[in-house]
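# Structure assessment
Listed here are the chains, written in short residue letters.
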Amino acid sequence: VSGQVSLSGTGGTSGTNQDGVVIQNSALLGSMTSSGGIVINGTGGSGNGDGGNLGVALLSSSQINSGDGDVQITGVAGTSLDVSPPGGTNDGVYINSGITTAGIGKLTIVGIGAAAASASNYVGVNLDSSANLQINTGKVAITGTGASGVAAGGLLNASADVQIRGTVATSGGVGIATTGSIATF
């Protein structure tokens, strides 16, 4: 298989959880034998609730697989009326499931969290404690901007270079917060 998989979505404007792209409920995107890439672009909506307006979310035991094709994920969080903690999470990219590249495919993740008050929980790229990223020979580049740039929990294994860059957009945040395992082999 050599075709590219491309998803692009924008969240709505009413209530909470106005996500751009959500992959959930054990969904499978891609194929381990594919040489085509996977491109996901999501923009969270401008809900009037207390957040949860994610750009891109990979949830609930879902999986993104690629053989030799690159995986590119870009998410821009939406906004909400309640921008102070403990309001919902307006992350650019939120992952609590798996991504695997079996061949030479690269993984690139770019996320921009919602603009918010200082020390909010809006993260550019949030790799939750259940995230499981397994990259064979391709490089990994993760870039996040938000109240915290990148929150790296869970597991990230790669046999090539790993570059993580986090930028704080408000006072009181953290560029990169690591609570998981990041390893090259």
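In what follows, the structure referred to is the one given above.
All of the points below concern the structure found in this document. (Residues numbered from 1 in each chain as written. Predicted model: local features only at pLDDT ≥ 70, side-chain atom pairs only at ≥ 80, totals over all residues. Heavy atoms only, no water.)

In this section: the side chain of Gln18. Position of Gln18 among the secondary structure elements: in the loop between strand 1 (5-10) and strand 2 (21-23). Polar contacts involving the side chain of Gln18 include one to the main-chain amide nitrogen of Gly12, which spans 3.1 Å. A polar contact is formed between the side chain of Gln18 and the backbone oxygen of Thr16, at a distance of 3.1 Å. (Helix = DSSP H or I, 4+ residues; strand = E, 2+ residues; numbered from the N terminus. Polar contact = N/O pair within 3.5 Å; in protein donor to acceptor, adjacent residues only side chain to side chain.)

The next thing to look at is the sheet that holds strand 3 (residues 28-31). With parallel pairing, the six strands of this open sheet are ordered in space as 3-6-9-12-15-18. Each having just a single partner strand, strand 3 and strand 18 (181-184) make up the two edges of the open sheet. With direction set aside, neighbouring strand axes in the sheet form an average angle of 5°. Pairing analysis gives four bridges linking strand 12 (residues 132-135) to strand 15 (residues 155-158), with the strands arranged parallel. Of the residues in strand 15, the one forming a bridge with Ile135 is Ala158. (Pairing = 2+ DSSP bridges. Axes fitted to C-alpha atoms, helices over the stretch in contact; angles between N-to-C directions.)

We now examine the nonpolar core. One finds Ile40, Ile64, Ile73, Ile95, Ile109 and Leu133 to be the most contacted residues of the largest nonpolar core, which totals 26 residues. Dropping the residues within four chain positions of it, Ile40 is found in contact with Leu7, Val21, Ile23, Leu29, Val56, Ile64, Gln72, Ile73 and Thr74. (Core = buried A, V, L, I, M, F, W, Y, C linked by side-chain atoms within 4.5 Å. Buried < 20%, exposed > 50% of the residue type's maximum accessible area, 1.4 Å probe, protein only. Contact = heavy atoms within 4.5 Å.)

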